[in-house]
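Here are the chains, one letter per residue:
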Amino acid sequence: MTDEPVAELLRRLVRDVPDFPQPGVVFKDIAPLLADGAAFAAVIGHFADRYRERVDAVVGIEARGFMLAAPLAIELGVGFVPVRKAGKLPGQTHQVSYDLEYGTASVEVQVDAFTPGQRVLVLDDVLATGGTAEASCELVEKAGAEVVELAMLMELSFLRGRERLPGRAVHSLLTV
Ligand code: AMP
């Protein structure tokens, strides 16, 4: 573990990659954070302190959300549920579509992913425009669970994602 505040760890270990995956986008690469065992443990520990006894499951949003949600679920002693892009999950699924700058995207969860009324945390790495996060919350609710909070490592405030999430509790470790 480390005593460095989690926001400082993120400032130091999340790398800006200009023009990826397309020109004009500055990609927030969390690989250096995941590769630093003490820093990764500190981030998961921060979330575990915040959500212990408050949630019955942790939902990770494909794909980097999985890398955070799975270790957190184990730390909390609860289950992990994946929200995936359309067409990846077998069996019956619920689906929610949302607008992108060009076109639409869809996310899915298996219909039997939750027991009714389960309290869940929805976790991802980056909050950008908020479309993915909002669709994921709607999906969790469609499947019969309750979203306690949305948590992100980083929030890109200039993209105003929070405005797309009215009434939702959103916890970001670092806002840039
Ligand atoms: P959005 O729906 O616009 O909030 O986008 C959020 C999703 O896209 C998350 O799953 C992020 O992992 C990913 N994402 C969006 N923008 C970035 C970025 N600048 N760097 C890294 N991931 C991003």
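These notes cover the structure that comes with them. Note that the structure is a prediction, hence the values are computed from the model and not measured.

Here Arg64 shows up in helix H4 (residues 64-76). A relative accessible area of 31% means that Arg64 is categorised as partly exposed. Sequence separation between Arg64 and Asp124 is 60 residues; the distance between their C-alpha atoms is 6.6 Å. Leaving out residues up to four positions away in the same chain, Arg64 has contacts with Phe27, Ile30, Asp124 and Asp125. Side chain to side chain, Arg64 and Asp125 meet in a polar contact 2.4 Å long.

What follows covers the site of the ligand. Neighbouring residues of the ligand: 13 residues in total, closest Asp124, Asp125, Thr129, Gly130 and Thr132. Contacts to the ligand include Asp124, whose side-chain N or O atom sits 2.6 Å from an oxygen atom. Here the ligand, which alone exposes 490 Å², has 82% of that area covered by the protein. Secondary structure elements with two or more residues in the shell around the ligand: strand E2 (26-29), strand E7 (119-127) and helix H5 (131-142).

Quick look at the sheet that holds strand E6 (residues 104-110) now. If you walk across this open sheet you meet the seven strands as E5-E6-E4-E3-E7-E8-E9, and the pairing is mixed. In the strand order of this sheet, the two ends are held by strand E5 (93-99) and strand E9 (170-175), each with one partner. Within this sheet the neighbouring strands show an average axis-to-axis angle of 20°, counted without direction. Looking at chain direction, strand E3 (residues 57-61) and E7 are connected through four bridges and run parallel. Looking across to E7, one finds that Ala57 is bridged to Val120. Helix H1 (residues 6-13) rests against strand E8 (146-155) and E9 of the sheet, and its axis sits at about 55° to E9.

Tallied over the entire structure, the rule returns three aromatic pairs. Ring geometry for Phe20 and Phe27: centres 5.2 Å apart, planes at 85°, overall edge-to-face. Residue Phe27 is classed as buried on the basis of its relative accessible area, which comes to 18%. Measuring from ring centre to ring centre gives 5.8 Å for Phe66 and Phe80, while their planes differ by 85°; the resulting arrangement is edge-to-face.

Criteria and cut-off values
Residues numbered from 1 in each chain as written. Predicted model: local features only at pLDDT ≥ 70, side-chain atom pairs only at ≥ 80, totals over all residues. Heavy atoms only, no water. Helix = DSSP H or I, 4+ residues; strand = E, 2+ residues; numbered from the N terminus. Buried < 20%, exposed > 50% of the residue type's maximum accessible area, 1.4 Å probe, protein only. Contact = heavy atoms within 4.5 Å. Polar contact = N/O pair within 3.5 Å; in protein donor to acceptor, adjacent residues only side chain to side chain. Near = heavy atom within 4 Å. Areas by Shrake-Rupley, 256 points an atom, 1.4 Å probe, with all protein chains shown as cover. Pairing = 2+ DSSP bridges. Axes fitted to C-alpha atoms, helices over the stretch in contact; angles between N-to-C directions. Phe/Tyr/Trp six-rings, centres within 6.5 Å; stacked < 30°, edge-to-face > 60°.

Take it as geometry only, folks, not as evidence of what the structure does.
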